[in-house]
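Chain by chain, the residues run as shown.
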Amino acid sequence: MQDNGNAATVMLGLDGFVLLAVSGEDGELEQAIETMAATDACRSCGVPARLHDRRPSWVRDLPSGGRPVILVWVKRVWRCMEALCSASTWTETSEVIRPRACLTERARAEACRRVGQDGHSVAQVAAAFGVGWGTVMSAVRHYGEPLVADPARTEGVAALGVDETAFLAANAAHHTIFATGVVDLWARRLLDVVPGRSGEVLSQWISAQDPDWRDGIAVAALDPFRGYASALRTSLPQAIRVLDAFHVVRLGFAAVDDVRRRVQQESTGHRGRRDDPLYAIRRVLRRGAEHLSEHAWTRLLAGLDAGDLDQQIGLTWIAAQDLRRIYASASRGEAEARLYSWFVHCADSGVPELRRLATTIDSWTSEFLAYFTTGGLSNGPTEAMNLLIKKIKRVGHGFRNFENYRLRLLLHCGVDWQTHQTTPLPARLPRLAA
Ligand SMILES: [Zn+2]
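Residues numbered from 1 in each chain as written. Predicted model: local features only at pLDDT ≥ 70, side-chain atom pairs only at ≥ 80, totals over all residues. Heavy atoms only, no water.

Asks: Please provide a residue-by-residue account of the overall build of the protein chain, values included.
Replies: Along the backbone of the protein chain there are 16 helices and ten strands. Its C-alpha atoms give the protein chain a radius of gyration of 31 Å, clearly above 22 Å, the size a compact globule of 434 residues would have. Overall, the C-alpha framework of the protein chain stretches about 100 × 55 × 50 Å when taken along its three principal axes. Taken over 434 residues, the protein chain has a buried fraction of 44%. A sequence separation of at least 24 residues applies to 59% of the contacts in the protein chain between residues at least 6 apart. Of the roughly 23,000 Å² of accessible surface on the protein chain, 53% is carried by carbon and sulfur atoms. Taken together, the 51 basic and 49 acidic charged side chains of the protein chain have centroids lying 4 Å from each other. (Helix = DSSP H or I, 4+ residues; strand = E, 2+ residues; numbered from the N terminus. Rg over C-alpha atoms; globule rule 2.2 N^0.38 Å. Buried < 20%, exposed > 50% of the residue type's maximum accessible area, 1.4 Å probe, protein only. Contact = heavy atoms within 4.5 Å. Areas by Shrake-Rupley, 256 points an atom, 1.4 Å probe, with all protein chains shown as cover. Lys, Arg positive; Asp, Glu negative; His and termini not counted. Charge placed at Lys NZ, Arg CZ, Asp CG, Glu CD.)

Asks: Could you give an account of the packing of helix α4 (residues 133-149) against helix α16 (residues 402-413), naming the residues involved and the relevant values?
Replies: When two helices pack together, their arrangement is given by the angle between the helix axes and by the axis-to-axis distance. One can describe the packing of α4 onto α16 by two numbers: an axis separation of 10 Å at closest approach and a directional angle of 60°. Crossing angle aside, the handedness with which α4 passes α16 is left-handed. Of α16, the residues touching α4 (which contributes Trp133, Met137, Val140, Arg141, Gly144, Glu145, Leu147 and Val148) are Asn404, Arg406, Leu407, Leu410 and Leu411. A per-class count over the contact of α4 with α16 returns eight nonpolar, two polar and three charged. (Axes fitted to C-alpha atoms, helices over the stretch in contact; angles between N-to-C directions. Left-handed = near helix turned anticlockwise from the far one by under 90°. Nonpolar A, V, L, I, M, F, W, Y, C, P; charged D, E, K, R; others polar.)

Asks: Pulling in residues and values, what's your account of the coordination of the zinc ion?
Replies: Coordination of the zinc ion by the protein involves Cys42 (SG), Cys45 (SG), Cys80 (SG) and Cys85 (SG), with metal-donor separations of 2.2 to 2.4 Å. Around the zinc ion, the four donor atoms sit at angles spanning 97 to 115°, and that spread fits a shape best called tetrahedral. Along the chain, the residues that donate to the zinc ion are spaced as C-x2-C-x34-C-x4-C. For Cys45, a relative accessible area of 35% corresponds to the partly exposed category. (Donors = N, O, S within 2.8 Å, 3.2 Å for Na, K, Ca; no water. Tetrahedral: all angles 85-135°; square planar, octahedral: opposite > 155°, others 65-115°.)

Asks: Residue-level account of the pattern of salt bridges, with values.
Replies: A side chain of one charge can pair with a side chain of the opposite charge when the charged atoms of the two come close. Inspection of every chain in the model, using the stated rule, returns 23 salt bridges. Put simply, Arg76 and Glu34 hold a salt bridge, and the shortest N to O gap is 3.4 Å. Of the two residues, Arg76 is situated in strand β4 (residues 67-80) and Glu34 in strand β2 (residues 28-35); the sequence distance between them amounts to 42 residues. With a closest N to O distance of 3.0 Å, Arg113 and Glu110 form a salt bridge. Remark: Glu110 and Arg113 occur in helix α2 (residues 105-116); sequence separation between them is three residues, near one turn of the helix. Accessibility expressed as a relative area gives 18% for Arg113, which makes it buried. Connected through salt bridges with shared partners, the residues Glu34, Arg54, Arg76 and Glu92 form a single ionic network. (Salt bridge = Lys/Arg side-chain N within 4 Å of Asp/Glu carboxyl O.)

Asks: Residues and numbers for the layout of surface pockets, please.
Replies: Roughly 210 Å³ of internal volume is contained in the second largest pocket. Along the walls of the second largest pocket sit Met11, Leu12, Leu19, Val22, Leu29, Gln31, Asp61, Leu62, Pro63, Ser64, Val69 and Arg106, which together make up its complete lining. If you list the elements that add at least two residues to the lining of the second largest pocket, you get α1 (7-12), β1 (17-25), β2 and β3 (49-64). At four residues, β3 tops the list of elements feeding residues into the lining of the second largest pocket. Its residues placed into classes, the lining of the second largest pocket shows eight nonpolar, two polar and two charged. (1 Å grid on protein atoms, 1.4 Å probe; cavity = no way out; pocket = protein on both sides within 12 Å on 5 of 7 lines; lining within 4 Å. Points joined across faces, edges and corners; volume = space filled by probe spheres on them.)

Asks: Before we move on, can you summarise the packing of α2 against α4 with the specific residues and values?
Replies: Relative orientation of the contacting elements α2 and α4 amounts to 85°, with a least axis distance of 8 Å. With respect to α4, the axis of α2 lies roughly perpendicular. The residues of α4 that touch α2, namely those facing Glu105, Arg108, Ala109, Ala111, Cys112 and Val115, are Val136, Ser138, Ala139, Val140, His142, Tyr143 and Gly144. (Parallel < 35°, antiparallel > 145°, perpendicular 65-115°, else oblique.)

Asks: Give me the side chain of Thr316: which residues, what numbers.
Replies: Mapping Thr316 onto the fold places it in helix α11 (residues 312-326). Once residues lying within four places of it in the same chain are set aside, the contact partners of Thr316 are Ala255, Val256, Val259, Val351 and Leu354.

Asks: Go over the side chain of Glu367, please, and point to the residues and values.
Replies: Structurally, Glu367 can be placed in helix α14 (residues 365-369). At 3.2 Å, the side chain of Glu367 and the side chain of Ser366 are in polar contact. Contact partners of Glu367, with chain neighbours within four places excluded, come to Arg233, Arg241, Val242 and Leu243. (Polar contact = N/O pair within 3.5 Å; in protein donor to acceptor, adjacent residues only side chain to side chain.)

Asks: Lay out helix α7 (residues 228-235) in plain terms, naming residues and giving numbers.
Replies: All of the buried residues along α7 are Tyr228, Ala229, Ala231, Leu232 and Ser235. Buried residues of α7 fall within an arc of 165° about the axis and therefore sit on the same side. (Arc of directions from axis to C-beta.)

Asks: Go over the environment of Ser57, please, and point to the residues and values.
Replies: Secondary-structure assignment places Ser57 in strand β3. Distance from Ser57 to Gln204, taken between C-alpha atoms, is 49 Å for residues 147 residues apart in sequence. Apart from residues lying up to four places away in sequence, Ser57 is in contact with Leu71, Val72, Trp73 and Lys75.

Asks: Report on the environment of Ala21, specifying residues and quantitative values.
Replies: Relative to the elements of secondary structure, Ala21 occurs in strand β1. Linking Ala21 and Ile33, residues twelve residues apart in sequence, is a C-alpha distance of 7.3 Å. Setting aside residues no more than four positions away along its own chain, Ala21 makes contact with Glu30, Gln31 and Ala32.

See the structure below:
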């Protein structure tokens, strides 16, 4: 417990400083502070120094009681008393308020946390702290880069997920620019983001890791259509590759879309319009059968009755649903049996899109079936991460600088933030009264 003389300094809570005076104006607090260092000695000759002058320095701090705070640090200027010494005067310094800083170090750390953990924009945080964009961004770099570079962050990964993500959307000057995200699937943590989406980009990233780290990867989930598979095969030969369930299911529904568009075009001679029966059910066709309400079923069947005259869409829809249902298999054996009857269904359908899909899945059979021997490993966490990535991109209004983008993503999706655990409120006598 603190006595009353120290109360103001306890409120201030700034290491090595005491609070001298407070004034409130226009909803802001101005707090005058000084260091506890009432004596100093010359750095050059060691002779005790004499107080020469006081010089105020203004800096913003964390809000107090909801009010923005400006600290006025009344700095001591010291003078060496030794006539023969070359040092004349110097101003005191502190680790918690750096020279020429606009923010205290604790405010800079909090600015970094708000941008990183909370995912707020740099501009938002700058406005809240009453400083410029550059001040906050440099705090994010200063406190964020060591967190991201910490080798412990990427230690002990056993299951790797790889997926592409858009970095910059297409505009008049360039196509969409992609990046590759690498995820720890068990810890659900973003390990890194690298520019590009080729197998080569992934190979280079994996090669840059520690050999022990590489040996620890037992399984890897992938979207097979980006050259990631060959990169994993050569860079992590011991890892079991698993075709990502999410992408597989999406391929099935993409085939339904393709067939619907073709049938539509063939039967009406034009692309889908609002009053076309097939166009009207395009969204219902993409849903899992078990999620369809009675009303949705009625619409689906009526739409197919009216527009799917030779049942090509119906057959593809059944195939997409069956492909999805294979993932509910209890064992690899059961999945394999279902997969082979699915191949037969696709071949018998006579629908070209469906045959093409079956050929694709067939070429990935072992990666497809590996799902059932690796505890249902999927890129689900990677997909969840992609949602977070989209959120950060919205907040950042489209990043131009890849390093900033990477830092912001890793701070939001790849770092454990050690935040102070507060004590529960109820059922306790106040410490002051004890
Ligand atoms: Zn001196």
